[in-house]
Amino acid sequence: MPLAIRVLGSGTSSGVPTIGCSCDVCRSTDPRDTRLRPSILIRHTEPGAATRNILIDTTPDFRAQMLAARPGRLDAIIYTHGHADHVLGLDDVRPFNYRQGTIPLYAAPETFDTIKRIFSYAFEQREFKTHVPQLDAKLINDDPFDVFGLCFQPIPVMHGRERIYGFRFGNVAYLTDHSEVPEASIGMLAGLDVLFLDALRHKAHPTHSTLEASIESALRIRAKRTYFTHMCHDLPHAETEKSLPPGIFLAYDGLELDVNEVDVNELDVNEDSGAV
């Protein structure tokens, strides 16, 4: 079943260039060294229906990312966790609401609590809601869930001391913001065509994986193609990619990937995620 992925952002929470920095990467003329905050857009052709655009995370750069990608419509939003660099662009879904109405939002309970606190005005009962985001919140847990015919399997990862989610959909997995991929989660990642992993920098960080640790994880998981994301200005694209093992690459903003023959029925799907 046709599936396409666009990398909307491949940078860390500060973005690249980083404000006030004059390092070689922040002054680079290589467009792959310009990294907005981390997010991907999934284009999924539902059987017998139109193509659906499914977003993972609404970064503070969401508006710029949508203007670059020009998806036309946004059918669903899925959240990995509730940190600022993954949620703060949510208000900018409003132009999509004007044209198409309410958008479903999938998040773990603690992530939704954060979103609801930041964007409380979007969830208040009011007579007219044309000037606020119109969202239908659906709570998720460790169980697979269906989004317009595409099955998403939450993949628990550790982000420092916090347990958050990556997601597997068909033969693709997107794991951002992790310092550790638990053994049980490694076991959920067999047979991947495409894998995204957090690879912040070379130096150790308390809540993110290093480039070297992510190479080790990639070699264990053995996806056909692995792309590193959530990178800071310590990793120049061209130089770093030359050092990587075969089949491992750096993601970059605007990267488009086509994945064919995705088996969306390989998991038991919970279609009864509760609306809030």
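Residues numbered from 1 in each chain as written. Predicted model: local features only at pLDDT ≥ 70, side-chain atom pairs only at ≥ 80, totals over all residues. Heavy atoms only, no water.

**What about the overall build of the chain?**
Stated precisely, the cut-off is as follows: Working definition: helices are DSSP H or I runs of at least four residues, strands are E runs of at least two. Numbering for both runs from the N terminus. When we talk radius of gyration, it's over C-alpha atoms, and the globule rule is simply 2.2 Å times the number of residues to the 0.38. Only protein chains enter the accessibility calculation, which uses a 1.4 Å probe; a residue is then buried when its area is under 20% of its type maximum, exposed when over 50%, and partly exposed in between. In what follows, residue pairs with any heavy atoms lying within 4.5 Å of each other are defined as contacts. All accessibility values rest on the Shrake-Rupley procedure with a 1.4 Å probe; residue burial counts only the protein chains present in the view.
The number of helices and strands found in the chain is 7 helices and 14 strands. Taking 276 residues into account, the globule formula puts the C-alpha radius of gyration at 19 Å, and the chain, at 18 Å, falls close to it. When its C-alpha atoms are laid out on the principal axes, the chain stretches across 55 × 45 × 35 Å. Per-residue burial for the chain yields a buried fraction of 54% across its 276 residues. Sequence separation of at least 24 residues holds for 65% of the intrachain contacts in the chain that already meet a minimum separation of 6. In the structure as shown, the chain presents an accessible area of about 12,100 Å², 49% of it carried by carbon and sulfur atoms.

**Regarding the state of the cysteines**
Rules: Cysteine sulfur atoms that come within 2.5 Å of each other are treated as a disulfide pair.
What the rule picks out here adds up to 0 disulfides. Counting only cysteine sulfurs, C21 is the nearest neighbor of C23, a cysteine outside any disulfide, at a range of 3.5 Å. For C23, a relative accessible area of 24% gives the class partly exposed. You can see C232 has no disulfide; the closest cysteine sulfur is in C23, sitting 8.6 Å from it.

**A look at the packing of aromatic side chains**
Put simply, the test is: Pairing of aromatic rings covers Phe, Tyr and Trp, the last through its six-membered ring, and needs centres within 6.5 Å; plane angles under 30 degrees mean stacked, over 60 mean edge-to-face, and all others mean tilted.
Going through the model one piece at a time under the given rule, you end up with 12 aromatic pairs. Measuring from ring centre to ring centre gives 6.1 Å for F145 and F167, while their planes differ by 90°; the resulting arrangement is edge-to-face. Taken together, the residues F145 in strand β7 (residues 145–147) and F167 in strand β9 (residues 162–169) connect sequence positions 22 residues apart. Note on accessibility: F145 and F167 belong to one class, buried. One aromatic cluster in this structure is built from Y106, F145, F152, Y165, F167 and F169.

Don't take any of this as a statement about function, it's just geometry.
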